Amino acid sequence: MTSSDPSGLSALDGPVVLAAFEGWNDAGEAASTAVQHLEEVWGAEQVGELDPEDYHDFQVNRPLVSLDEDGHRRISWPVTRVSVATAPRSGRRVVLVHGIEPSMRWRSYTRELLGVAREHGARTVVTLGALLADVPHTRPIPVSSTTDDEDLLRRLSLERSTYEGPTGIVGVLADAAVSSGLPSLSLWAAVPHYVGQSPSPKAVLALLGRVEELLGEPVPLGDLVDDARAWEHGVDELAGEDAEIGEYVRQLEEAKDTADLPEASGEAIAREFERYLRRRPEDGPPSRG
């Protein structure tokens, strides 16, 4: 077992795939931004990309034209990028997948992605998504963690998904992973639907917090904390100026607080304390100089 945390808090073994896709599965661009953040803070190296010619309708996801530093025009295509990072504390290999939900050939697309995952020795596929939901912006963003893998259900105390209905590439990739013998789990952040436009930094933080727990690896947050505070302050102002939205937020707060009341101590407090332990300096308390 690869333990990424000296206290043994790491939940997943070996190399891991973290995948997110812009589009239908990505409310507030929370999931794709979370993966992009990990690419940056962990210094991920791009190792490949999927040819968009096979999977995208360019009238739906159009290529972008831009000028480089020398004034030359270049076209950027809607590719799916695969990068590899080494988690700083544990040395665990993390394969990061970031793309746009494809327009066609989803089964071929997922087979190609899983082939790349296996090339890098992946032991688990973790898909990230975000959806609009009836949740208040003033409370922690809920993140559901689901799987159909019996071992992960037992070891991580996850939930089995009961959703039925239309699915996106996140659901298709998770199903294809399981069918190919790779354990898979999905993380979904619930973005307040009345402020579902991008960006949604508080939802990004919530997803990264759950990734920390699964990998037992602290994630440097940079400006995200300040961005999330500014975002919440801006929504507070919106609710203060619109009586109807303000009342709706109060109703959501009451419903959330009532639902959380029975568990508002033990498990949540323990989870926050474990995260603190992972973040504290390993060589003792900070100096006061």
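Residues numbered from 1 in each chain as written. Predicted model: local features only at pLDDT ≥ 70, side-chain atom pairs only at ≥ 80, totals over all residues. Heavy atoms only, no water.

Let's talk about helix H6 (residues 224–241)
Each α-helix winds once per 3.6 residues, and so residues spaced three or four apart point in a common direction. Selection criterion: Helical segments are the DSSP runs of H or I of at least four residues, strand segments are the runs of E of at least two, and each set is numbered from the N terminus. A helix is expected to span 1.5 Å for every residue after the first. Each residue's exposure class comes from its accessible area (1.4 Å probe, protein chains only) as a fraction of the maximum for that residue type: buried when under 20%, exposed when over 50%, partly exposed otherwise. Comment: arc refers to directions from the helix axis out to C-beta atoms. It only takes one pair of heavy atoms within 4.5 Å for two residues to be counted as in contact.
Spanning 18 residues, H6 covers 26 Å between terminal C-alpha atoms, matching the ideal 26 Å at 1.5 Å per step. Within H6 the residues assigned to the buried category are Leu 224, Ala 228, Trp 231, Val 235 and Ala 239. All buried residues of H6 fall inside an arc of 75° around its axis, so they share one side. The outward face of H6, more than 90 degrees from its buried face, is lined by the exposed residues Arg 229, Gly 240 and Glu 241. In this fold, the buried residues of H6 make contact with helix H1 (30–41), strand S9 (184–192), helix H5 (201–215) and helix H7 (243–260).

Quick look at the pairing of strand S1 (residues 16–22)
Selection criterion: The pairing criterion is simple: DSSP has to find at least two bridges between the two strands.
Across the seven residues of S1, six count as buried, placing the element largely inside the fold. Alignment of S1 against strand S6 (residues 93–100), held across seven bridges, turns out to be parallel. From the neighbouring strand, Val 16 faces S6, where its bridge partner is Val 94. As judged from the four bridges shared by S1 and strand S7 (residues 124–133), these two strands associate in the parallel manner. If you follow Val 16 over to S7, its bridge partner there is Thr 124.

Thoughts on empty space enclosed by the protein
Basically, it comes down to this: Here the term cavity refers to a set of points on a 1 Å grid, laid over the protein atoms alone, in which a 1.4 Å probe fits but cannot get out; the term pocket refers to an open set having protein on both sides within 12 Å along at least five of seven lines, with lining residues being those that place an atom within 4 Å of a point. Grid points are joined across faces, edges and corners, and a volume is the space filled by probe spheres set on the points.
Counting across every chain of the model gives one cavity of 30 Å³ or more. Taken as a whole, the largest cavity holds about 40 Å³ of empty space. Lining the largest cavity are Val 17, Ala 19, Val 97, Leu 113, Leu 114, Ala 117, Val 125 and Leu 173. When residues of the lining of the largest cavity are traced back to their parent elements, those giving at least two are S1 and helix H2 (106–119).

Side note on the packing of H6 against H7
Put simply, the rule reads: Simply put, an axis is a line fit to the C-alpha atoms, just over the touching stretch for a helix, and the angle between two N-to-C directions goes from 0 to 180 degrees. Classification used: nonpolar for Ala, Val, Leu, Ile, Met, Phe, Trp, Tyr, Cys and Pro, charged for Asp, Glu, Lys and Arg, polar for all others including Gly.
The contact between H6 and H7 brings their axes to 5 Å, and the two run at 115°. Along the contact surface, H6 presents Leu 238, Ala 239 and Glu 241, while H7 presents Ala 243, Ile 245, Gly 246 and Val 249. Grouping the amino acids of the contact of H6 with H7 by side-chain chemistry returns five nonpolar, one polar and one charged.

Thoughts on the environment of Tyr 55
The condition is simple: Definition of a polar contact: a pair of N or O atoms within 3.5 Å, with one able to donate and the other able to accept a hydrogen when the atoms are protein atoms, and with sequence-neighbouring residues admitted only if both atoms are side-chain atoms.
Within the secondary structure layout, Tyr 55 lies in the loop between strand S2 (45–50) and strand S3 (64–67). Residues Tyr 55 and Met 104, spaced 49 residues apart in sequence, show a C-alpha to C-alpha distance of 5.1 Å. A distance of 2.5 Å separates a polar atom in the side chain of Tyr 55 from a polar atom in the side chain of Glu 112.

Overview of the layout of surface pockets
The computed volume of the second largest pocket comes to approximately 860 Å³. Lining the second largest pocket are 31 residues; nearest its centre among them are Thr 146, Ser 161, Tyr 163, Thr 167 and Trp 188. Secondary-structure elements contributing two or more residues to the lining of the second largest pocket are S7, strand S8 (143–147), helix H4 (169–179) and S9. It is H4 that contributes the most residues to the lining of the second largest pocket, six residues altogether. For the lining of the second largest pocket, the per-class residue count stands at 15 nonpolar, 12 polar and four charged.

Re H1
Spanning 12 residues, H1 covers 16 Å between terminal C-alpha atoms, matching the ideal 16 Å at 1.5 Å per step. Turning to H1, the residues buried within the fold contact S1, strand S5 (80–86), S6, S7, H5 and H6.

Some words on the confidence of the model for the protein
Quick reminder of the rule: Note: pLDDT gives the predictor's confidence per residue, expressed from 0 to 100.
This prediction gives the protein a mean pLDDT of 87; 87% of its residues lie at or above 70. Confidence drops under a pLDDT of 50 for residues 1–10, and excluding neighbours within four residues, the segment shows 28 contacts in the predicted structure. Scored below 50 in pLDDT, residues 282–289 shows one contact in the model against residues more than four places distant or in partner chains.

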